[in-house]
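# Architecture and fold: a report
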Amino acid sequence: MGATMPAESGSLRVGVFGTGALGRHHARILGTLAGVERIGIFDPRQETVGTVAEETGAKAFESFDALADAIDAAVIAAPTVAHAELGRKLLARGVHVLIEKPIAATLEEADALIAAAAAASRVLAVGHVEFHNPGVEALLGAGGAPRFVEVERLGVFSPRSLDVDVIADLMIHDLQILHELDGSELAEVRATGIAVLSERIDIVSARLAFASGMVANVTASRVSSERVRKLRAFYSDRYRSLDYQAQEIKGYRLVGAEEAGAERRIVPETIVVEKAEPLRRELEEFVRACRGERSRSVSGASARRALATARVVAEEAKTAAARTISGASRRG
């Protein structure tokens with residue numbers, strides 16, 4: 001059975017379950033982290049394991065049990081439908097777990113994972129990698145309460161992740177970040193979305209109103225001709241534009257408004273962003289959490305909240321689509 005080792009006793013033994021597009025990157029990075037011993041990788045598709053083993057130098061394991069028994073911590077980069085089962089099995093063995101987003105296929109499965117981690121006194125982190133983007137950390141660290149937020153997350157079509165809709169695939173990153181920007185409850189959600197190249201929603205636009213008064217317009221597409229990742233936040237006295245890909249923030253603020261008769265001017269606001277690979281930072285934070293150190297890992301509770309909001313957006317989009325079809329039928 002896997003067992004956590006204190007920081008001073010040696011390297012944290014980590015394994016990767018799932019060797020798809022993300023799993024191979026986890027395996028690559030884990031092989032370079034200080035204080036980490038990358039034990040190996042496993043995937044039921046043994047031909048994929050062999051390829052990733054050659055690419056990364058990681059040891060390929062022939063069974064789940066063999067790898068699970070040799071590690072202290074695990075990364076689950078399997079399809080979403082397998083998250084709950086794999087996560088609960090590993091947590092029951094005393095293994096810390098980092099699960100790729102979304103945390104699970106359903107809220108019930110997410111709750112089961114959170115309960116399993118609590119029962120085992122083990123870390124449950126979720127791979128909302130965009131939260132570890134240095135630009136996001138700088139934006140959150142700059143403080144302030146946005147009143148209006150616009151987000152665009154557009155991607156080129158890929159057959160990867162078609163087991164979930166674009167909301168759980170892409171938009172969920174921004175939903176999790178919006179909840180970090182504003183911790184109040186959702187007051188209203190409106191959404192429209194359509195399937196284009198898959199059987200699930202591929203393009204969606206949502207308007208989220210929060211109890212604090214903040215409103216966010218969020219658009220996500222996985223059938224675009226270009227890749228766009230931008231967030232624009234409007235505050236009572238300033239504006240900040242985050243380019244996720246460039247890891248840059250452009251800011252402007254209003255001065256003079258606080259003094260009667262003073263000249264009101266808009267001046268640049270400097271927010272320094274130290275660029276880094278978000279996935280590497282995600283794994284570093286997970287390792288810190290496993291060692292009992294202070295960490296920015298996305299918790300199971302935070303990931304569940306993002307999943308819950310994603311489900312509301314999906315349901316609203318389906319309802320809107322049904323209304324449109326019904327209206328067209330009546331007109332016909």
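Residues numbered from 1 in each chain as written. Predicted model: local features only at pLDDT ≥ 70, side-chain atom pairs only at ≥ 80, totals over all residues. Heavy atoms only, no water.

## Examining the overall build of the protein
Across its full length, the protein holds nine helices and 14 strands. By the compact-globule yardstick of 20 Å for 332 residues, the protein fits well, its C-alpha radius of gyration being 21 Å. C-alpha atoms of the protein, sized along the principal axes, occupy 70 × 60 × 40 Å. For the protein, the residues scored as buried account for 49% of the 332 residues in total. Taking the intrachain contacts of the protein between residues at least 6 apart in sequence as the baseline, contacts between residues at least 24 apart amount to 67%. On the protein, roughly 15,200 Å² of surface is accessible, and the fraction owed to carbon and sulfur atoms is 50%. Where the 42 positive side-chain charges of the protein centre and where its 45 negative ones centre are 3 Å apart. (Helix = DSSP H or I, 4+ residues; strand = E, 2+ residues; numbered from the N terminus. Rg over C-alpha atoms; globule rule 2.2 N^0.38 Å. Buried < 20%, exposed > 50% of the residue type's maximum accessible area, 1.4 Å probe, protein only. Contact = heavy atoms within 4.5 Å. Areas by Shrake-Rupley, 256 points an atom, 1.4 Å probe, with all protein chains shown as cover. Lys, Arg positive; Asp, Glu negative; His and termini not counted. Charge placed at Lys NZ, Arg CZ, Asp CG, Glu CD.)

## Some remarks on the sheet that holds strand β8 (residues 203-210)
Read from one edge to the other, the open sheet built from eight strands follows the order β7-β8-β9-β6-β10-β11-β12-β13, with strand pairing classed as mixed. What marks the edges here is a single partner per strand, and that holds for β7 (186-194) and β13 (265-269). For this sheet the average axis-to-axis angle between neighbouring strands, irrespective of direction, equals 10°. In this fold helix α6 (residues 134-141) packs onto β10 (228-234), β11 (238-243) and β12 (248-255), with an angle of close to 165° to the strand it touches most, β11. (Pairing = 2+ DSSP bridges. Axes fitted to C-alpha atoms, helices over the stretch in contact; angles between N-to-C directions.)

## Quick notes on the pattern of salt bridges
A complete count under the given rule lists 26 salt bridges for this structure. The salt bridge partner of K89 is E85, with a shortest N-O separation of 3.2 Å. Taken together, the residues span about one helical turn, with K89 and E85 both in helix α4 (residues 83-92) at a distance of four residues. A salt bridge links E285 to R288; the nearest nitrogen and oxygen atoms lie 2.8 Å apart. One end of the pair is E285 and the other is R288, both in helix α8 (residues 278-290) and three residues apart, which spans about a single turn. Via salt bridges that share partners, K101, D169, D202 and R222 belong to a single interconnected network. (Salt bridge = Lys/Arg side-chain N within 4 Å of Asp/Glu carboxyl O.)

## What to know about the pairing of strand β4 (residues 96-100)
Along β4, five of the five residues are buried, which leaves the element largely enclosed by surrounding structure. Burial along β4 is two-sided: H96, L98 and E100 facing one way and V97 and I99 facing the other are all buried. Crossover connection from strand β3 (residues 73-76) via α4 to parallel β4: handedness right-handed. With respect to chirality, the unit in which β4 leads through helix α5 (residues 107-120) into the neighbouring parallel strand β5 (residues 124-127) is right-handed. (Right-handed = clockwise from strand over helix to strand, strands pointing away.)

## Looking at the sheet that holds strand β14 (residues 298-299)
Taken in spatial order, the six strands make up an open sheet running β2-β1-β3-β4-β5-β14, and their pairing is mixed. A strand with exactly one partner marks an edge of an open sheet, and here the two such strands are β2 (36-42) and β14. Examined bridge by bridge, strand β1 (residues 12-17) and β2 share six bridges and lie parallel to one another. Note that in β2 the partner of G15 across the bridge is G40. Across the sheet, α4 lies against β1, β3 and β4, angled at about 170° from β4, the strand it touches most.

## Topic: the packing of aromatic side chains
If you walk through the whole model with that rule in mind, you get four aromatic pairs. Taking the centre distance of 6.5 Å and the plane angle of 70° together, the rings of F17 and F42 count as edge-to-face. With a gap of 25 residues between them, F17 in strand β1 and F42 in strand β2 connect regions that are remote in the sequence. As far as burial versus exposure is concerned, F17 and F42 are alike and both buried. Residues F148 and F234 carry aromatic rings whose centres are separated by 5.9 Å and whose planes lie at 45° to one another, so their mutual orientation is tilted. Taken as a pair, F148 in strand β6 (residues 148-154) and F234 in strand β10 lie far apart in primary sequence, 86 residues in all. (Phe/Tyr/Trp six-rings, centres within 6.5 Å; stacked < 30°, edge-to-face > 60°.)

## Some thoughts on the side chain of D182
Of note, D182 is situated in the loop between α7 (166-181) and β7. In terms of polar contacts, D182 uses its side chain to reach the side chain of S184, at 2.5 Å. Beyond its immediate chain neighbours, meaning those up to four positions away, D182 contacts F210, S212 and M214. (Polar contact = N/O pair within 3.5 Å; in protein donor to acceptor, adjacent residues only side chain to side chain.)

## Things to note about the side chain of K101
Checked against the element boundaries, K101 lands in the loop between β4 and α5. Judged by its relative accessible area of 13%, K101 is buried. Engagement of the side chain of K101 in a polar contact is seen with the backbone oxygen of D169, the distance being 2.3 Å. Beyond its immediate stretch of four places on either side in the chain, K101 contacts H83, V126, G127, H128, A168, D169, L170, I172 and H173.

## Some points on unusual backbone geometry
With an omega of -10°, the peptide bond running from K101 to P102 counts as cis. Along the chain, the position of P102 falls in the loop between β4 and α5. Of note in the backbone geometry, S121 takes a positive phi value of approximately 55° without being a glycine. Examined against the element boundaries, S121 turns out to sit in the loop between α5 and β5.

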